[in-house]
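# Commentary on secondary and tertiary structure
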Amino acid sequence: MIQPVFIALVLLVGAPAASGQESFRDRQIDARFAAADKNQDGKLTLEEAQAGMPKVAANFDKIDTQKRGYVTLDQIKAAAAR
């Protein structure tokens, strides 16, 4: 039997991200990425990350696994999910 507390929590927080709705965390990342991506090329260089997403900058080498000198929104979201 599903506990009433669980039902209340789901109603309060909303459905999980797997339901197709973007999570609050993902929306925050989207907004911060857009603000940090000064040239709007869909990539963050280390310098852009340092100015707008310091946690990304601190982990830049771990996120830039292909050592391309930039990270993408998808890479940042994948790192945040780990």
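Preceding this section is the structure that the text describes.
Report follows, based on the coordinates. Because the structure is a prediction, the values reported are computed rather than measured. (Residues numbered from 1 in each chain as written. Predicted model: local features only at pLDDT ≥ 70, side-chain atom pairs only at ≥ 80, totals over all residues. Heavy atoms only, no water.)

According to the stated counting rule, one finds zero aromatic pairs in the structure shown. Sitting over the face of the ring of Tyr70, Lys43 holds its NZ or CZ atom 4.6 Å from the ring centroid. (Phe/Tyr/Trp six-rings, centres within 6.5 Å; stacked < 30°, edge-to-face > 60°. Lys NZ or Arg CZ within 6 Å of the ring centre and 35° of its normal.)

Under the criterion given, the structure shown has three salt bridges. In this structure, Lys77 and Glu22 form a salt bridge, with 3.3 Å as the shortest nitrogen-oxygen distance. With a gap of 55 residues between them, Lys77 in helix 6 (residues 73-81) and Glu22 in the loop between helix 1 (4-13) and helix 2 (24-36) connect regions that are remote in the sequence. Two residues, Asp26 and Arg25, come together in a salt bridge whose shortest N-O distance is 3.5 Å. On the basis of relative accessibility, which here comes to 15%, the residue Asp26 falls in the buried class. When its relative accessible area of 38% is taken as the criterion, Arg25 is described as partly exposed. (Salt bridge = Lys/Arg side-chain N within 4 Å of Asp/Glu carboxyl O. Helix = DSSP H or I, 4+ residues; strand = E, 2+ residues; numbered from the N terminus. Buried < 20%, exposed > 50% of the residue type's maximum accessible area, 1.4 Å probe, protein only.)

Attention shifts here to the environment of Ile76. As for its placement among the helices and strands, Ile76 is situated in helix 6. Classification of Ile76 by relative accessible area gives buried; the value is 4%. Counting along the chain gives 16 residues from Ile76 to Phe60, while the straight-line C-alpha distance between them is 9.3 Å.

As a further point, take helix 6. Residues of helix 6 that are buried include every one of Gln75, Ile76 and Lys77, and no others. At its buried positions, helix 6 is contacted by helix 2, strand 1 (43-45), helix 4 (54-58), helix 5 (60-63) and strand 2 (70-72). (Contact = heavy atoms within 4.5 Å.)

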